[in-house]
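Residues per chain, in single letters:
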Amino acid sequence: MPSDNIYRLKNLGLPALKQINDLATATRLSLGKINHLTYRTEHLYTTYDVIKKSGKTREIAQPNRELKAVQAWILRNILDKLSSSPHSKGFDIGTSILENAAPHQGANYVLTMDFEDFFPSISANKVFGVFHSVGYSKKISAMLTNLCIFKGGLPQGAPTSPKLANLVCAKLDYRIYGYAGPKGIVYTRYADDITLSAQSVQKIQKAKDFIGTIIADENLKINRSKTKLCGTKRQKKITGLVVSQNNVGIGRKKLREIRAKIHHLFTEKSNNYSHLNGYLAFTYGVDKKSYTKLYRFIDQMKEKYPASAAVTMLHNKSSKT
């Protein structure tokens, strides 16, 4: 490996892997084991299908324990030290569905799109490009790529896949923003969910067609059935959150649903506390106003039903937070 590449890797805080022995040493595995994991990856996954809301199936590929441990090392020591684009709002520290939805607050028109078979569509060549671009040799880049791919693409189930998808899609993000930004169109991406918003429907409609060509050029495919344009008379929902002129949150419908679950827990002697606590914790993270309303309702239920086990079992972060 040229000395300037080693300097570049060290400057980025990345391990200077010059040969396969270096990875074996870094991961505390034998050279034979690393070779086995690198060149036998196709046989080291357990696959199963999950049914999507559309009724179609998605293949989940879970790496075995040893391969997953090496992937976790790659994620922690290499990938997490590389920056995704500022337009990517998922799978990185400090990003969330709230960070994805908030920039679109106040927009008159919102266009949401997503990709078909997102992870498998990220090819091995593009993954190789991520490792090679930061300074790793072709041989090391190929080895790291082999450890992270399955059937020629990113496996949904490997810890490295989300961050690699973000890094690969950085070029896509900058291309879309290069078109949208100067036209006053707001753009964000959360994993395979793309959102664009503007005050003019004409801008959004033109963007939809042009951005479609960019996406196709990046060898990704839009899921047409889930493409949605919301105007001034329709509720705008972005990655599960309702976006209005003045607020981003869970929305009135979800708030009523959670209130009903709370009431049921206190009055019907249900014991599904973990399920409801999950809803409360989620609300606390994305919508403090609604969380405060919910906890006020919980306080009312506690006063009305003091003997209920729910008094001590529900999520108890301060409603003043």
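Residue numbering note: each chain is counted from 1, following its sequence as written. At least 70 in pLDDT is required for a residue's local features to be given in this predicted model, at least 80 for side-chain atom pairs to be given and counted, and no such filter applies to totals for whole chains, interfaces and linings, which use all residues. Derived side-chain values reflect all non-hydrogen atoms in the structure, with water molecules and hydrogen atoms excluded from consideration.

Some thoughts on the overall build of the protein
Then, number 1: Secondary structure assignment for the protein yields 15 helices and nine strands.
Then, number 2: Along the three orthogonal principal directions, the C-alpha set of the protein runs to about 70 × 55 × 40 Å.
Then, number 3: Each of the 321 residues in the protein was classed as buried or not, and the buried ones make up 46%.
Then, number 4: Pairs of residues are marked as contacts when any of their non-hydrogen atoms sit within 4.5 Å. A fraction of 70% describes how many contacts in the protein between residues 6 or more apart in sequence connect residues 24 or more apart. Numbered from the N terminus, helices here are DSSP runs of H or I no shorter than four residues, and strands are runs of E no shorter than two. Burial status follows relative accessibility: with a 1.4 Å probe on protein chains alone, a residue under 20% of its type maximum counts as buried, one over 50% as exposed, and anything between as partly exposed.

Considerations on the side chain of Asn-223
Then, number 1: Within the secondary structure layout, Asn-223 lies in the loop between α11 (201-217) and β6 (228-230).
Then, number 2: Take Asn-223: its relative accessible area is 15%, and that puts it in the buried class.
Then, number 3: The contacts of Asn-223, once residues within four sequence positions are left out, are Asp-114, Phe-115 and Glu-116.

Some words on the sheet that holds strand β7 (residues 236-238)
Then, number 1: When DSSP finds at least two bridges between two strands, those strands are taken to pair. Pairing is antiparallel across the open sheet formed by three strands, whose spatial order is β7-β8-β9. Each of the sheet's edge strands pairs with one partner strand only, and the pair in question is β7 and β9 (248-249).
Then, number 2: Bridge analysis of β7 against strand β8 (residues 241-243) gives three bridges, and the strand direction is antiparallel. Bridged to Ile-238 within β8 is Leu-241.

Points about the sheet that holds strand β4 (residues 186-190)
Then, number 1: Strand order across the open sheet formed by four strands is β4-β5-β3-β6, with antiparallel pairing between neighbours. Two strands bound the open sheet, and with one partner strand each, they are β4 and β6. Each neighbouring strand pair of the sheet contributes to a mean axis angle of 15°, computed without reference to strand direction.
Then, number 2: In the sheet, β4 pairs with strand β5 (residues 193-198) via five bridges, with the strands oriented antiparallel. Bridge pairing links Arg-189 to Ile-194 in β5. Geometry is summarised by axes, namely lines fitted to C-alpha atoms with helices restricted to the contacting stretch, and by angles between N-to-C directions that run from 0 to 180 degrees.

Quick word on the confidence of the model for the protein
Then, number 1: pLDDT is a per-residue confidence score from the predictor, ranging from 0 to 100. Scored by pLDDT, the protein has a mean of 92; 96% of the residues are at 70 or more.
Then, number 2: Predicted confidence in the protein is weakest over helix α15 (residues 310-313), with a mean pLDDT of 76, and strongest over helix α9 (residues 161-168), with 98.

Looking at a positive patch on the surface
Then, number 1: Here a patch means residues that are over 30% exposed by relative accessible area and free of salt bridges, tied together within 9 Å if like-charged and within 5 Å if nonpolar (Val, Leu, Ile, Met, Phe, Trp, Tyr). Using the Shrake-Rupley algorithm and a 1.4 Å probe, accessible areas are obtained, with residue cover drawn only from the displayed protein chains. The term salt bridge refers to a side-chain nitrogen of Lys or Arg lying within 4 Å of a carboxyl oxygen of Asp or Glu. Within this scheme the basic residues Lys and Arg register as positive and the acidic residues Asp and Glu register as negative, but His and the chain ends are omitted. A charge is said to be at NZ when it belongs to Lys, at CZ for Arg, at CG for Asp and at CD for Glu. Judged by side-chain charge, Lys-53, Lys-228, Arg-234, Lys-237, Arg-252, Lys-253, Arg-256, Lys-289, Lys-293 and Arg-296 come together as a positively charged surface patch.
Then, number 2: Listing elements by their share of the positive patch, those giving two or more residues are α12 (251-267) and α14 (288-304).
Then, number 3: Its location among the elements puts Arg-252 in helix α12.

A word on the pattern of salt bridges
Here the idea is simple: oppositely charged side chains can pair when their charged atoms come close.
Then, number 1: As enumerated under the stated definition, the model contains 11 salt bridges in all.
Then, number 2: The partner of Asp-114 in a salt bridge is Lys-226, with the nearest N and O atoms 3.2 Å apart. One end of the pair, Asp-114, is in strand β3 (residues 109-114); the other, Lys-226, is in the loop between α11 and β6, with 112 residues separating them in the sequence.
Then, number 3: Exposure remark for Asp-114: the relative accessible area of 7% places this residue in the buried category.
Then, number 4: Overlapping salt bridges bring together Lys-126, Lys-171, Arg-175, Asp-217 and Glu-218 as one network.

Comments concerning the pairing of β5
Then, number 1: β5 sits mainly inside the fold: five of its six residues count as buried.
Then, number 2: Linkage of β4 to β5, two consecutive antiparallel strands, is achieved through a turn of two residues, within which Ala-191 is found at a positive phi near 60°.

Section: the packing of aromatic side chains
Each aromatic ring pair is characterised by the separation of its centres together with the angle its planes make.
Then, number 1: A pair of Phe, Tyr and Trp rings is counted when the ring centres sit within 6.5 Å of each other, with Trp represented by its six-membered ring. The angle between the planes then sorts it: under 30 degrees is stacked, over 60 is edge-to-face, the rest tilted. Going through the model one piece at a time under the given rule, you end up with seven aromatic pairs.
Then, number 2: For the ring pair Phe-91 and Tyr-190, a centre distance of 6.2 Å and an interplane angle of 40° mean the geometry is tilted. On the criterion of sequence distance, the pair formed by Phe-91 in the loop between α4 (65-77) and α5 (97-101) and Tyr-190 in strand β4 is long-range, its members being 99 residues apart.
Then, number 3: Judged by relative accessible area, which is 39%, Phe-91 ranks as partly exposed.
Then, number 4: Plain terms: the ring middles of Phe-115 and Phe-118 are 5.5 Å apart, the flat faces sit at 20° to each other, and that makes the pair stacked.
Then, number 5: Using a relative accessible area of 4% as the deciding quantity, one classes Phe-115 as buried.
Then, number 6: Following the ring pairs from residue to residue traces out a cluster consisting of Phe-115, Phe-118 and Phe-119.
Then, number 7: Ring-over charges, as used throughout, are those where CZ of Arg or NZ of Lys falls within 6 Å of the ring centre and within 35 degrees of the ring normal. Residue placement shows Arg-259 over the ring face of Phe-297; its charged tip is 4.0 Å from the ring centre.

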